[in-house]
Amino acid sequence: QVRLVESGGGLVQPGESLTLSCVASGDTFTFKDYDLAWFRQSPGKEREFVGDINLIGRQTYANFVKGRFAISRHSAKNIMYLQMNDLNPEDTAVYYCARRISLYTTSAPDDYDNWGPGTQVTVSS
């Protein structure tokens, strides 16, 4: 059983930065061979694609990121990161990591599996 677990969430002020981690554990799939993604979900809203990183490190981001976020991975350690800068209150959400099961990047949650439990990010003054 593969398990992804997010960490690093918390309360920050507008304009501050935060780095989230996603760690794979258990009977891990070959971490380096899979494309991984970050999503987020705010109360009352659909789960929203943030960005992904493929097995060779190429990243794709949602338009709202606007250069503020960066995804990276350390495959040997089974870890993926989401560096978030210049946070604003609209970034408040539970952030999730997942494995992409479709061939190409999509924003549809159904194209991903192995969802972690999420980590809460709150941006407030």
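Residues numbered from 1 in each chain as written. Predicted model: local features only at pLDDT ≥ 70, side-chain atom pairs only at ≥ 80, totals over all residues. Heavy atoms only, no water.

Colleague: Is there a simple way to explain the overall build of the protein in this structure?
Modeller: Within the protein, the regular secondary structure consists of zero helices and eleven strands. Moving toward the C terminus, one meets the helices and strands of the protein in the order β-β-β-β-β-β-β-β-β-β-β. For the protein, the spread of C-alpha atoms along the principal axes amounts to about 40 × 25 × 25 Å. Within the protein, buried positions represent 40% of all 125 residues. When contacts within the protein are restricted to residue pairs at least 6 apart in sequence, long-range pairs at least 24 apart make up 56% of them. When the accessible surface of the protein is split by element, carbon and sulfur atoms take 48% of a total near 6500 Å². When the 12 positive and 14 negative side-chain charges of the protein are each reduced to one mean point, those points stand 4 Å apart. (Helix = DSSP H or I, 4+ residues; strand = E, 2+ residues; numbered from the N terminus. Buried < 20%, exposed > 50% of the residue type's maximum accessible area, 1.4 Å probe, protein only. Contact = heavy atoms within 4.5 Å. Areas by Shrake-Rupley, 256 points an atom, 1.4 Å probe, with all protein chains shown as cover. Lys, Arg positive; Asp, Glu negative; His and termini not counted. Charge placed at Lys NZ, Arg CZ, Asp CG, Glu CD.)

Colleague: Quick question: what am I supposed to make of the pairing of strand β8 (residues 79–84) here?
Modeller: For a regular strand, side chains alternate in direction, first toward one face of the sheet and then toward the other. Where strand β3 (residues 18–26) lies against β8, six bridges are found, and the strand directions are antiparallel. Bridged to T19 within β8 is Q83. Looking at chain direction, strand β7 (residues 69–74) and β8 are connected through six bridges and run antiparallel. Within β8, the residue paired with F69 across the bridge is M84. The loop that links β7 with its antiparallel partner β8 comprises four residues; one of these, N78, has a positive phi angle of about 55 degrees. (Pairing = 2+ DSSP bridges.)

Colleague: What's the story with the state of the cysteines in this structure? I'm lost.
Modeller: Tallied over the entire structure, the rule returns one disulfide. One disulfide bridge connects C22 with C97, the sulfur atoms lying 2.1 Å from each other. Handedness here is read from the sign of the S-S torsion; for C22 and C97, about 75 degrees, the answer is right-handed. With C22 in strand β3 and C97 in strand β9 (residues 93–100), this pair connects stretches of sequence that are 75 residues apart. (Disulfide = S-S within 2.5 Å.)

Colleague: Please clarify how the packing of aromatic side chains should be interpreted in this entry.
Modeller: To describe a pair of aromatic rings, you give the distance between the ring centres and the angle between the ring planes. Throughout the structure, instances matching the rule amount to five aromatic pairs. Centre to centre, the rings of F39 and Y112 are 4.9 Å apart; their planes meet at 70 degrees, and the pair counts as edge-to-face. Remark: Y112 occurs in strand β10 (residues 112–113) and F39 occurs in strand β4 (residues 36–41); sequence separation between them is 73 residues. Given a relative accessible area of 4%, Y112 falls into the buried group. (Phe/Tyr/Trp six-rings, centres within 6.5 Å; stacked < 30°, edge-to-face > 60°.)

Colleague: Hey, could you run me through the nonpolar core in this one?
Modeller: Where a protein is soluble and globular, its nonpolar side chains tend to be buried together. Counting residues in hydrophobic clusters, the biggest one holds 29 residues, and the most contacted among them are L20, W38, F69, M80, L82, M84 and Y95. Of all the elements in the fold, those that place two or more residues in this core are β3, β4, β5 (48–53), β7, β8, β9 and β11 (119–123). Those residues in contact with F69 that sit more than four places away from it in its chain are R40, V50, Y61, F64, L82, Q83, M84, N85, L87, D91 and Y95. (Core = buried A, V, L, I, M, F, W, Y, C linked by side-chain atoms within 4.5 Å.)

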